[in-house]
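Here is what each chain is made of, one letter per residue.
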Number of protein chains: 2
Amino acid sequence: MRRLRVNYTVRGKEIQKDLEVADGSNLFESLISNGIYVPNTCGGRHICGKCKVEVKTNQGIDKDEERFLTDTQKTAGIRLACFVKVDSDMEVRVPAEKESNILTEGMYSLRSMNSRIKKRSLTLSRPSLQDQRDDLKRITDEIGDVRVPLGVLREISSILENNDYKFKYVIRKGEIISVEPPNSDKVYGIAIDIGTTTIAAYLEDLSSGEKIDVYSDMNPQKIFGADVITRIDYTIKKTDGLDELQKAITGEMNKIVDEFCKRKGIEAKAIYEMVIVGNTTMMHLALGIPAKNIANAPFIPAFTSAIEIKAEEIGVRINPQGYIVSLPSVASYIGADIVADILSSRMYEKEEISLLLDIGTNGEIVLGNKDKLIACSAAAGPAFEGAEITFGTGGVIGAIDHVDLTKHPIYTTIGNERPSGICGSGIVDAIAEMIKFGIIDATGRILSKDEISLDGDILNRFIQYKGEPAFLVDDNGICITQGDVRQIQLAKGAIYAGIKVLMKEVGIEFEDIKRVYIAGGFGNYIDPESASQIGLIPKQLTGKVIQIGNAAGAGAIMALISDDEFKRAIEIAKLVEYVELSNTNEFQEEFMNGMYF
Amino acid sequence: MRRLRVNYTVRGKEIQKDLEVADGSNLFESLISNGIYVPNTCGGRHICGKCKVEVKTNQGIDKDEERFLTDTQKTAGIRLACFVKVDSDMEVRVPAEKESNILTEGMYSLRSMNSRIKKRSLTLSRPSLQDQRDDLKRITDEIGDVRVPLGVLREISSILENNDYKFKYVIRKGEIISVEPPNSDKVYGIAIDIGTTTIAAYLEDLSSGEKIDVYSDMNPQKIFGADVITRIDYTIKKTDGLDELQKAITGEMNKIVDEFCKRKGIEAKAIYEMVIVGNTTMMHLALGIPAKNIANAPFIPAFTSAIEIKAEEIGVRINPQGYIVSLPSVASYIGADIVADILSSRMYEKEEISLLLDIGTNGEIVLGNKDKLIACSAAAGPAFEGAEITFGTGGVIGAIDHVDLTKHPIYTTIGNERPSGICGSGIVDAIAEMIKFGIIDATGRILSKDEISLDGDILNRFIQYKGEPAFLVDDNGICITQGDVRQIQLAKGAIYAGIKVLMKEVGIEFEDIKRVYIAGGFGNYIDPESASQIGLIPKQLTGKVIQIGNAAGAGAIMALISDDEFKRAIEIAKLVEYVELSNTNEFQEEFMNGMYF
């Protein structure tokens, strides 16, 4: 088969490279399978319209493609990569990945430091003809029976001999995972929250419990699709797709290790454990475990329990005998991240009934107290993350994050940059404002200018966008369309319905809920009042909201630096009852009610 | 550097190949580092004179080399490979490895079958929206908490789905090591006795305990030297020497697996465990653990305990999650093979006091009963294995294995082939006969013809070999020299002294010893009367001897098919007291006494 050259440039960066791909390949697939980021939420299925690239080609524009392109874009040679076939050598310009504004701060309170990793000193008597005990026995005679992996057994003799029988050993749950010269002292661990979109990592000193460094990045799996379903599809359709997705995550884990080591001048072998949390699919993919049954009813994961494996089993380069620990999940759509949320919120030990919301692609909802915890996942869609919103974007630099119609300009952006789109908190604000000013009615319809009495400036914002009523947010054309409002109604309706179903299961009213914990990046940046205004947080709960930031990351840190907290996470996962919303009759009804403003 | 071609032919076989080696390389090292067998016991150190090859070269013959060569050999172009430098392209003929006559039969008696490996059936209820338990939990809810390695976790979902939730699982000590379709039923294991010289392997059915097949081979490490010290030296001197020696053994283990699979039409994945025994050095080298301190006082091994690792950790290709189990050793020179000897002899549970002898390169000696077991290793040298004996050879086809001066011819050979040398049992017989006929006096001196009165035929056998008195065994020149008799005196003297030292430690006399177990290949083939005649087995113990064959292999099988026996082996290793002979005063004295005939 003829091989063609695709020369690509990353816009605004000094990156320009050649790919060699087979004649007739799909351009989108050629780019992502070579690790080049192209925005998308559908994985190249002609649905999302996000994979815009600049490319010179004579290929005609399909009707389905044309929907997503403005005339200016067409003139400028912008095409959707998923519609373009590589039929000759090509030059392609792809957008740069924008710097992201990832939430890494979370709140946590530890009862006590109790890392699984202990580094201890030991001095042994020297061998002689009168004392011919073997090296290992010399050690176990001092510290009792321990397990010793082959990799350590291979090191023992030379470490003892070269250090005159005075050395350090690192013990983890009854296993010696390292023997080291006596001057080695540091003990590090890493906690990672693997979000579908973003990753937050924390370097911790496991002897002091001190946080040493924080790092965040986009989830490199995003090139395979924005949501977990698209990624699972990829593992089903492509023979080595699961391997590719796993390597994307483990590659990122190694990048995190390298980054921390470089920044802090430490050695990777001084990192002995990594605790990971994430949704159930992320836990499967990180470990290379097929996740396909998560995607389809009856939604069965391969596993939900906590997993402890040697890092080298998945090619992660911390200490060669170091461990990766994944927190337990509850079900396909209540993952280890939510267990970590519950852990760090401490709602599981309180008398008072709390509600916990973690809103991302799905809206995970947990209700309960120390006696009972019940959870569900409302398929809110990724609207709050900016996907499926006309000008939606993640929480990146330049995203409109707040809207206030009484100010000028009426918006702010992340990093105060020129607006490039509108992120979740901006959308919630915008719609809240539109409700407040009567621009939207209770059914969610954007009224026409004639139906309302407002001053001139606001009236100028009533526009038509591709035949739909829309409300202009910034002057360059970023607007909220009628379709966007409907997306938000569906999303918040689902979350409202989820909350109501759980309340009904437990048999309580809104007044019984004393506290609402909002976890996650979106939850941290939204204005709680706007969220109440649009009904994302039921109005009855206004004033009870605590934004707890990256609670999943905080829970991962807790489980890393304290084995007691890890054990609590396992207990929490067992305690939580999962309610499958597609299995309840109330959900549809509450969903319909919940969509009104 | 100039590269030269060495073309080598293996004599009597259709093997002819080219090697490319650096100009100036040592011929011996070039051959062995390319895996080509050259007989040797000294590892190329100009000591043993065994590495004879046919090679055309103008290089002069060194005095040290000349000692080992007859005029006929020199004329025929025979040289010692260790003295030859590769200074031009060369043609070399190397001797074939002879078929070996390796003892694989041992005796054992099991109390009960109790394999660690169990294959069981399980049928699970199918998942539904009403029962969303994950696949792993479905299993643990039925069979209780188990450990599941990552490799199995990756298989579970597809095995369940593809077999309608009816499947088999293999469990080992609380860990599921395999999930399989419901029609899979066989469960195999392999026991291997890794001798310094030879390897014996047994394929066992772990559900019935039946022996399926037996395989034996030379230890491929022999190309690195005949004895453990030479091999340990190799690991010290050569950077990746340990790796080479380990790969030689693990390569052999894979060869054994392949051979059994081919012969019996089974799949490697149906082999779930391999139990290995061998001397302490072999256990280190098989696992890739540095053994250097075994070679020098105070002789400290890295470990002596039983080790259980995944086969894949050392690259052995049985079931991917299958295990390698090594039996425990006692000390540097009382290895897992001796523990296995004790296990299969059952001397450890008897009231009566027994003596166990395993004579190979070292003579390992165990004395005791159910209350006390004491052991030592007498550095007998490898004389009984044919090394350091002028015409000595291992127990190969063509080796003179028995000698009787009253018969004609006076010898028999293994396989009734033309005699190619004399092996341990033949040497013992020959010397016993020489004593019986008064050819040797009590001090071990070979008398001159004039000093004795014997008939003409025997008198013709008194010859001079390279200036030494010698006794001709076959007409083509295979003889026992005065030097050989001295080697045997040293060897049997050391064993005698070892026995006496242990007796003194325990405080018993010969009459207290009720049974003498002779283990191992040499021990099986020697004539016990000859052994008594030369004093290898003290005369006081004549009549108490039981030859128990490959007792180490038998013990390995027992530990493979019964976990109770494995636990017994661990108890035995703890029980045995090791006596370091170099540390006792009596040894030298008894050694001197023991050398007399």
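Thresholds applied
- Residues numbered from 1 in each chain as written.
- Chains lettered and ligands numbered in written order.
- Predicted model: local features only at pLDDT ≥ 70, side-chain atom pairs only at ≥ 80, totals over all residues.
- Least-squares fit on C-alpha atoms with pLDDT ≥ 70 in both.
- Contact = placed C-beta atoms within 7 Å.
- Axes fitted to C-alpha atoms, helices over the stretch in contact; angles between N-to-C directions.
- Helix = DSSP H or I, 4+ residues; strand = E, 2+ residues; numbered from the N terminus.
- Parallel < 35°, antiparallel > 145°, perpendicular 65-115°, else oblique.
- Left-handed = near helix turned anticlockwise from the far one by under 90°.
- Nonpolar A, V, L, I, M, F, W, Y, C, P; charged D, E, K, R; others polar.
- pLDDT = per-residue confidence, 0-100.
- Buried ≥ 20, exposed ≤ 12 C-beta atoms within 10 Å, placed from the backbone.
- Domains from an automatic or database assignment.
- Pairing = 2+ DSSP bridges.

*Asks:* I'm lost on the relation of the copies chain B and chain A in this one. Help?
*Replies:* Put simply, the second copy of the chain is the first one after a rotation about an axis and a shift along it. Under the fitted operation, chain B is carried onto chain A by 0.1 Å of movement along the axis and a turn of 180°, and the coordinates agree to an RMSD of 0.1 Å. Expressed as an axis order, the relation between the two copies is that of a two-fold axis. Minimal C-alpha separation from the rotation axis in chain B is found for Glu313(B), amounting to 5.4 Å. Comparing contact sets, 100% of the residues at the interface of chain B also lie at the interface in chain A, consistent with an isologous, same-surface contact.

*Asks:* What am I meant to see in the packing of helix α15 (residues 551–561) of chain B against helix α16 (residues 563–575) of chain B here?
*Replies:* Pairs of packed helices are described in terms of their axes, by the angle between the two and the distance that separates them. Residue and element names in this part refer to chain B. In contact at an axis separation of 5 Å, α15 and α16 are set at 125° when each is read in the N-to-C sense. Looking at the two axes, α15 sits oblique to α16. Seen along the crossing, α15 lies across α16 with a hand that is left-handed. Every residue of α16 that contacts α15 at Gly555, Met558 and Ala559 is listed here: Glu565, Phe566 and Ala569. Here the contact of α15 with α16 is built from residues that sort into 4 nonpolar, 1 polar and 1 charged.

*Asks:* I keep staring at the environment of Leu355(B) and nothing clicks. Help me out?
*Replies:* Residues and elements named next belong to chain B. Structurally, the position occupied by leucine 355 is in strand β15 (residues 353–359). Spatially, the C-alpha atom of leucine 355 lies 63 Å from that of glutamine 132, the residues being 223 residues apart in sequence. Not counting chain neighbours up to four residues away, the residues in contact with leucine 355 comprise Leu367, Ile499, Ile513 and Val516.

*Asks:* Would you explain the packing of helix α12 (residues 482–506) of chain B against helix α17 (residues 586–594) of chain B in this entry?
*Replies:* All names here are of chain B. As a packed pair, α12 and α17 sit with axes 8 Å apart at the nearest point and diverge in direction by 130°. Judged by the inter-axis angle, α12 sits oblique to α17. In this structure, α12 crosses over α17, and the sense of that crossing is right-handed. Of α17, the residues touching α12 (which contributes Lys492, Gly493, Ala494, Tyr496, Ala497, Lys500, Val501 and Lys504) are Glu586, Phe587, Glu590, Phe591 and Gly594. When its residues are assigned to classes, the contact of α12 with α17 shows 6 nonpolar, 2 polar and 5 charged.

*Asks:* Looking at this model, I keep getting lost on the interface of chain B and chain A. Mind explaining?
*Replies:* Where the parts come together, the accessible area they lose is often given as the size of the interface. Facing 35 residues of chain B, the contacting portion of chain A comprises 35 residues. Of all elements in the fold, only α4 (135–143) and α5 (150–162) of chain B reach the threshold of two or more residues within the side of chain B that touches chain A. Broken down by element, the side of chain B that touches chain A gets its largest block of residues, 6 residues, from α5(B). In terms of residue class, the side of chain B that touches chain A is built from 19 nonpolar, 10 polar and 6 charged.

*Asks:* Just to check I follow, could you spell out the confidence of the model for chain A for this structure?
*Replies:* Regions with low pLDDT carry predicted coordinates that are not meant to be interpreted in detail. Mean pLDDT over chain A works out to 90, with 95% of the residues at or above the 70 mark. For this predicted complex, the interface confidence reaches an ipTM of 0.83, while the overall pTM sits at 0.83.

*Asks:* Please clarify how helix α6 (residues 228–237) of chain B should be interpreted in this entry.
*Replies:* Residue pairs spaced three or four apart in an α-helix point in one direction, given the helix's 3.6 residues per turn. Burial in α6(B) covers these residues: Val228(B), Thr230(B), Arg231(B), Ile232(B), Tyr234(B) and Thr235(B). The secondary structure elements touched by the buried residues of α6(B) are α7 (241–264) and α8 (280–287) of chain B.

*Asks:* Looking at this model, I keep getting lost on the domain arrangement of chain A. Mind explaining?
*Replies:* The domain architecture assigned to chain A consists of domain 1 (3–94), domain 2 (117–180), domain 3 (188–326), domain 4 (346–382 + 489–594) and domain 5 (385–486). A C-alpha centroid distance of 40 Å is found between domain 1 of chain A and domain 4 of chain A.

*Asks:* How should the sheet that holds strand β23 (residues 479–481) of chain B be read in this particular structure?
*Replies:* Across a sheet, strands are paired by hydrogen bonds formed along the backbone, either parallel or antiparallel in direction. All names here are of chain B. Spatially, the 3 strands line up as an open sheet ordered β21-β22-β23, and their pairing is antiparallel. For this open sheet the edge positions go to β21 (462–465) and β23, each flanked by a neighbour on one side alone. Adjacent strand axes in the sheet meet at a mean angle of 40°, parallel and antiparallel pairs treated alike. By the bridge criterion, 3 bridges tie strand β22 (residues 468–472) to β23 in an arrangement that is antiparallel. When the bridges of β23 are listed, leucine 472 appears paired with cysteine 479. Lying over the sheet, α12 contacts β22 and β23, oriented at roughly 70° with respect to β23.

*Asks:* Where do I start with the sheet that holds strand β6 (residues 117–123) of chain B in this structure?
*Replies:* Residues and elements named next belong to chain B. What the 3 strands build is an open sheet, ordered β6-β7-β8; its pairing is antiparallel. Both outer strands of the open sheet, β6 and β8 (175–180), are each paired with one neighbouring strand and no more. Averaged over all pairs of adjacent strands, the angle between strand axes in this sheet comes to 30°, irrespective of strand direction. Note that β6 and strand β7 (residues 166–172) share 7 bridges and pair antiparallel. Its bridge partner lying in β7, lysine 118 is registered against isoleucine 171. Contacting β7 and β8, α5 crosses the sheet at an angle of about 35° to β8.

*Asks:* Would you explain helix α9 (residues 336–345) of chain A in this entry?
*Replies:* Most of α9(A) is tucked away, with 10 of its 10 residues classed as buried. Within α9(A), the full set of buried residues consists of Ala336(A), Asp337(A), Ile338(A), Val339(A), Ala340(A), Asp341(A), Ile342(A), Leu343(A), Ser344(A) and Ser345(A).

*Asks:* Where do I start with unusual backbone geometry in this structure?
*Replies:* Across the chain, the bulk of peptide bonds are trans and the bulk of non-glycine residues have phi less than zero. For the peptide bond that leads from His408(A) to Pro409(A), omega is -5°, which places it in the cis range. Among the secondary structure elements, Pro409(A) is positioned in the loop between β18 (399–403) and β19 (411–413). A cis amide bond, omega 5°, links Ala297(B) with the succeeding residue Pro298(B). You can see Pro298(B) is positioned in the loop between α8 and β13 (307–310). The residue Asn416(A) is not glycine, and still its phi comes out positive at about 55°.

*Asks:* Whenever I open this one, the environment of Ile478(A) confuses me. Can you help?
*Replies:* All names here are of chain A. If you trace the backbone, isoleucine 478 turns up in the loop between β22 (468–472) and β23 (479–481). Taking the C-alpha atoms as reference points, isoleucine 478 and phenylalanine 391, 87 residues apart in sequence, are found 6.1 Å from one another. Sequence-distant contacts of isoleucine 478, defined by excluding residues within four places in its chain, comprise Phe391, Ile400, Pro419, Gly421, Ile422 and Val473.

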